[in-house]
Amino acid sequence: MLRLPKVEYLVPKSVEEACSLSDVHKEKAKVIAGGTDLLVMMKRRLMEPPQYLIGLKNIPELSDIRYDEKEGLKIGALVTLSSLCESSIIGEKYPVLGEAASYFGAVEVRNMGTVGGNLCSAAPSADTAPPLLALGAKVKLAGASGVRTVPLEEFFTGPFENVLRVGEIMTEIQVPVQRPHTAGAFVKVTRTGMGLAVVNVAVVLTLEERTCKEIKIALGACAPTPWRAKKAEEIIRGKKISDRLIEQASLAASEASRPRSVPAYKKELVGVLSKRAIREAISRAEAV
Amino acid sequence: MNGVLHELSVHPLKTLLEVLREDLRLTGTKESCGLGNCGACTVLVDGKPILSCLTLMAEVQDRDILTVEGLVQGDKLHPIQEAFVEHGAIQCGFCTAGFIMAGKALLDKNPNPSEDEVRKAIDGHMCRCTGYGKIVEAILAVPSKR
């Protein structure tokens, strides 16, 4: 039987308590959300076990999904991938997010894994990152010395590295209200059903009379962090949609990608998936 | 646990799988990979399928847990268990409990699933023996058994 090292498990009842525990114990403590990433690493002894695990599941506000017409969407960091898929407000206002969540792992993993955990793992292939980047998301980080809000684009600093300071935890993901005639698409290639993305892409764009008013193209698993293909976006933004433009943008995304493994294959795939995602987003925006 | 209240004193970092098999002697649920990749350890917590090898005891206080042992009514098999037997969906049987719990969770939510929906629901489960075809058939056969 593959067992965990029996470290101490702390159960804060509020965000303040969680931050204060994290601040007191510093590197000796690790925060745990769904556990689908951390517990695997602990079981495989891939890391020095922490002395304390700080469990966040007993803090109810971290599992809320709230929406209002001015502030947009606020997703608690402990919201599970399943809850993202099943949320009617996300299905209505931000369907690309629910779509991306449904490609995640398998139903059992989606019932356990959380969006905060996925982002904080800072895996280059994290599936919630491209749609949230393409939606212009920000993340709220709380620490003993206060709260700060960071654009998601600035949150990832390298493979499995993020800007969280010792003693800080992610509490919320904020997504702004989307403009009318906006739609998105998410495309992922993976080797198996449960697999990590080989490449994943999310595109969110706003279309008015075949002119693209705004576009964000975000990708994962093809650079040290999830990233936005800004040069590709510039090619399409403000212009009338055409096949040639989509080709040029997809090529730009491919050229800007920096995959570490099988680069020729991944760069080709970036071009193909970007084109597919842009086309799908356009056809959905036309229907909206 | 399967409708019976248990009071246990265990380390919070014991996994639900360890406690099921070793403390409660409910050995129907299996450990195959122990790392969340194969689905063999799947049980239902509050009706939702989860991987018991990655679930801490600290997380299941006061929750309703259903294991494969909880499906039998006296000496009568649950329709999904019958379907697995009738359709030859069991060879070595090691993955079976996990597939059955996933199938039950699906049918509880979606009583008449399509083949695609069944395949998506069992995406997290590995079978080395059957090639999956008869497992899918068995789950699809359950609605007409009721």
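Our subject is the structure listed above.
Right, let's walk through the structure included here. Predicted model, so just to flag it, every value in this text is computed and none were measured. (Residues numbered from 1 in each chain as written. Chains lettered and ligands numbered in written order. Predicted model: local features only at pLDDT ≥ 70, side-chain atom pairs only at ≥ 80, totals over all residues.)

**Points about the packing of helix 10 (residues 243-256) of chain A against helix 11 (residues 263-287) of chain A**
When two helices pack together, their arrangement is given by the angle between the helix axes and the distance between those axes.
Residues and elements named next belong to chain A.
Then, number 1: Relative to each other, helix 10 and helix 11 sit at 140°, their axes nearing to 8 Å. If you check the angle between helix 10 and helix 11, you find them oblique. In terms of crossing hand, the pair formed by helix 10 and helix 11 is right-handed. Residue-level contacts link Ile246, Ala249, Ser250, Leu251, Ala253 and Ser254 of helix 10 to Lys267, Val270, Gly271, Ser274, Lys275, Ile278 and Arg279 of helix 11.
Then, number 2: Looking at the contact of helix 10 with helix 11 residue by residue, the class counts come to 6 nonpolar, 4 polar and 3 charged. (Axes fitted to C-alpha atoms, helices over the stretch in contact; angles between N-to-C directions. Helix = DSSP H or I, 4+ residues; strand = E, 2+ residues; numbered from the N terminus. Parallel < 35°, antiparallel > 145°, perpendicular 65-115°, else oblique. Left-handed = near helix turned anticlockwise from the far one by under 90°. Contact = placed C-beta atoms within 7 Å. Nonpolar A, V, L, I, M, F, W, Y, C, P; charged D, E, K, R; others polar.)

**Looking at unusual backbone geometry**
Residue and element names in this part refer to chain A.
Then, number 1: A positive phi is found at Lys26, a non-glycine position, where the angle reads about 50°.
Then, number 2: Structurally, Lys26 can be placed in the loop between helix 1 (15-25) and strand 2 (29-32).
Then, number 3: Since 9 C-beta atoms lie within 10 Å of it, Lys26 is described here as exposed.
Then, number 4: Residues other than glycine seldom take positive phi values, yet Glu209 does so here, at roughly 50°.
Then, number 5: Mapping Glu209 onto the fold places it in the loop between strand 12 (197-208) and strand 13 (211-220). (Buried ≥ 20, exposed ≤ 12 C-beta atoms within 10 Å, placed from the backbone.)

**Remarks on the nonpolar core**
Residue and element names in this part refer to chain A.
Then, number 1: Val199, Ala202, Val203, Leu205, Ala277 and Ala281 are the most contacted members of the largest nonpolar core, which totals 135 residues.
Then, number 2: With 9 residues, strand 12 is the single largest residue contributor to this core.
Then, number 3: Not counting chain neighbours up to four residues away, the residues in contact with Ala202 comprise Val96, Ala100, Pro130, Pro131, Ala134, Gly184, Phe186, Ala218 and Ala277. (Core = buried A, V, L, I, M, F, W, Y, C linked by C-beta atoms within 7 Å.)

All we've got here are geometric facts, nothing functional implied.
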